[in-house]
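Structural features, examined
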Amino acid sequence: MPKKAAEAARRKTFLAALRESLLETKNKLLDEFESVLRNEREGNVDEGRDSYDLASEERDREISSILSLRERGKLKDVEDALARIADNSYGVCESCGLEIAQERLAAMPFTRLCRDCQQDQEREAKSQRSFDDEHNAYRKSGSTDADDDSA
């Protein structure tokens, strides 16, 4: 029993450190969002700019928007992980219910699946993509559903 208690204490310490790391990541992302918004507000003055400057600025805004979409996704992942830590479901595979290895959580703190379930999911997705690719290639070759029915 003391071994189990020691393992539980190590896991609790690990989760506390991971929580702090996730909070730091969240604060960093929020600071980046504020910085981007501040720069956009300051850059909205069009005086004295030619069309090349305006086009360049528009391109920068588009890139910023793409990055912010990715960053918003990351922020959501961080917030979801923090919520799972708070409700004690963090580190439990959502597919099989087993504990996710600490090494995996340290490397991928947003993960919801253990390694085996993640691999199964990726194999299934790859298989589905292969099926879809074959189906689309078949359709492109000129076959229609009507051709299939007449056979």
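Everything here concerns the structure above.
I will try to describe carefully the structure that is included in this document. Fair warning: this is a prediction, and the values are worked out from it, not measured in the lab.

**Brief notes about the overall build of the chain**
Across its full length, the chain holds 5 helices and 0 strands. Going from N to C terminus, the chain has its helices and strands arranged as α-α-α-α-α. For the chain, restricting intrachain contacts to residue pairs at least 6 apart in sequence, the fraction spanning at least 24 positions comes to 54%. Accessible surface for the chain amounts to roughly 11600 Å². Of this, 52% is attributable to carbon and sulfur atoms.

**Some details on the state of the cysteines**
The tally for this structure, following the rule as stated, stands at 0 disulfides. Cys117 provides the cysteine sulfur closest to Cys93, a residue in no disulfide bond, and the two sulfurs are 3.7 Å apart. The closest cysteine sulfur to the non-disulfide-bonded Cys117 is located on Cys114, 3.6 Å from its own sulfur. Among the residues examined, Cys117 registers a relative accessible area of 13% and is labelled buried.

**Looking at the side chain of Thr111**
Topologically, Thr111 is positioned in the loop between helix 3 (102-107) and helix 4 (115-140). Residue classification places Thr111 among the buried positions, given a relative accessible area of 8%. Separated by 3.1 Å, the side chains of Thr111 and Arg104 make a polar contact. Excluding residues that lie within four positions of it along the chain, Thr111 makes contacts with Arg84, Ile100, Arg104 and Leu105.

**A look at the nonpolar core**
Counting 14 residues, the largest nonpolar core has Leu22, Tyr90, Cys93 and Leu105 as the members making the most contacts within it. Put simply, the parts of the chain that give this core at least two residues each are helix 1 (2-42) and helix 2 (51-86). Tallying contributions element by element places helix 2 first for this core, with 4 residues. Not counting chain neighbours up to four residues away, the residues in contact with Leu105 comprise Arg11, Phe14, Leu18, Tyr90, Gly91, Ile100 and Thr111.

**Things to note about the pattern of salt bridges**
Throughout the structure, instances matching the rule amount to 9 salt bridges. Glu7 is the partner of Arg10 in a salt bridge, and the nearest nitrogen-oxygen pair spans 2.9 Å. Note that Arg10 and Glu7 are positioned in helix 1 at a spacing of 3 residues, about one turn of the helix. With relative accessibility at 49%, the residue Arg10 sits in the partly exposed group.

**Some words on the environment of Lys28**
Locating Lys28 in the fold gives a position in helix 1. A C-alpha to C-alpha distance of 9.7 Å links Lys28 and Leu75, two positions 47 residues apart in sequence.

**Here we look at the side chain of Arg84**
With respect to the helices and strands, Arg84 occurs in helix 2. Buried and unpaired, Arg84 has Glu94 as its nearest opposite-charge partner, separated by 4.4 Å. Residues within four places of Arg84 in sequence aside, it is in contact with Ser89, Tyr90, Glu94, Pro109, Phe110, Thr111 and Arg112.

**Looking at the environment of Glu79**
Tracing the chain through its elements places Glu79 in helix 2. Separated by 31 residues in sequence, Glu79 and Phe110 place their C-alpha atoms 9.2 Å apart.

How each quantity is defined
- Residue positions are counted from 1 within each chain, in the order its sequence is given.
- Given that this is a predicted model, residues contribute local features only at a pLDDT of at least 70 and side-chain atom pairs are listed and counted only at 80 or more, while totals for whole chains, interfaces and linings are drawn from all residues.
- To obtain the side-chain values, all non-hydrogen atoms of the structure were used and water was disregarded.
- Helix numbering and strand numbering both begin at the N terminus, where a helix is a DSSP run of H or I of at least 4 residues and a strand a DSSP run of E of at least 2.
- Here, residues are in contact when the closest pair of their heavy atoms is within 4.5 Å.
- Per-residue and other accessible areas were derived by the Shrake-Rupley procedure at a 1.4 Å probe size, with only the shown protein chains allowed to occlude residues.
- To count as a disulfide, a pair of cysteine sulfur atoms needs to be within 2.5 Å.
- Each residue is assigned to one of three classes by its accessible area relative to the maximum for its type, calculated with a 1.4 Å probe on protein chains only: buried under 20%, partly exposed between the two thresholds, exposed over 50%.
- In protein, a polar contact requires one atom able to donate a hydrogen and another able to accept it; more generally it is a pair of N or O atoms within 3.5 Å, and residues adjacent in sequence count only if both atoms are side-chain atoms.
- Residues enter a nonpolar core if they are buried and are Ala, Val, Leu, Ile, Met, Phe, Trp, Tyr or Cys, with the set joined through side-chain atoms within 4.5 Å.
- For salt bridges, the criterion is a side-chain nitrogen of Lys or Arg within 4 Å of an Asp or Glu carboxyl oxygen.
- None of His or the chain ends enter the tally, which takes Lys and Arg as positive and Asp and Glu as negative.

These figures capture arrangement, not role.
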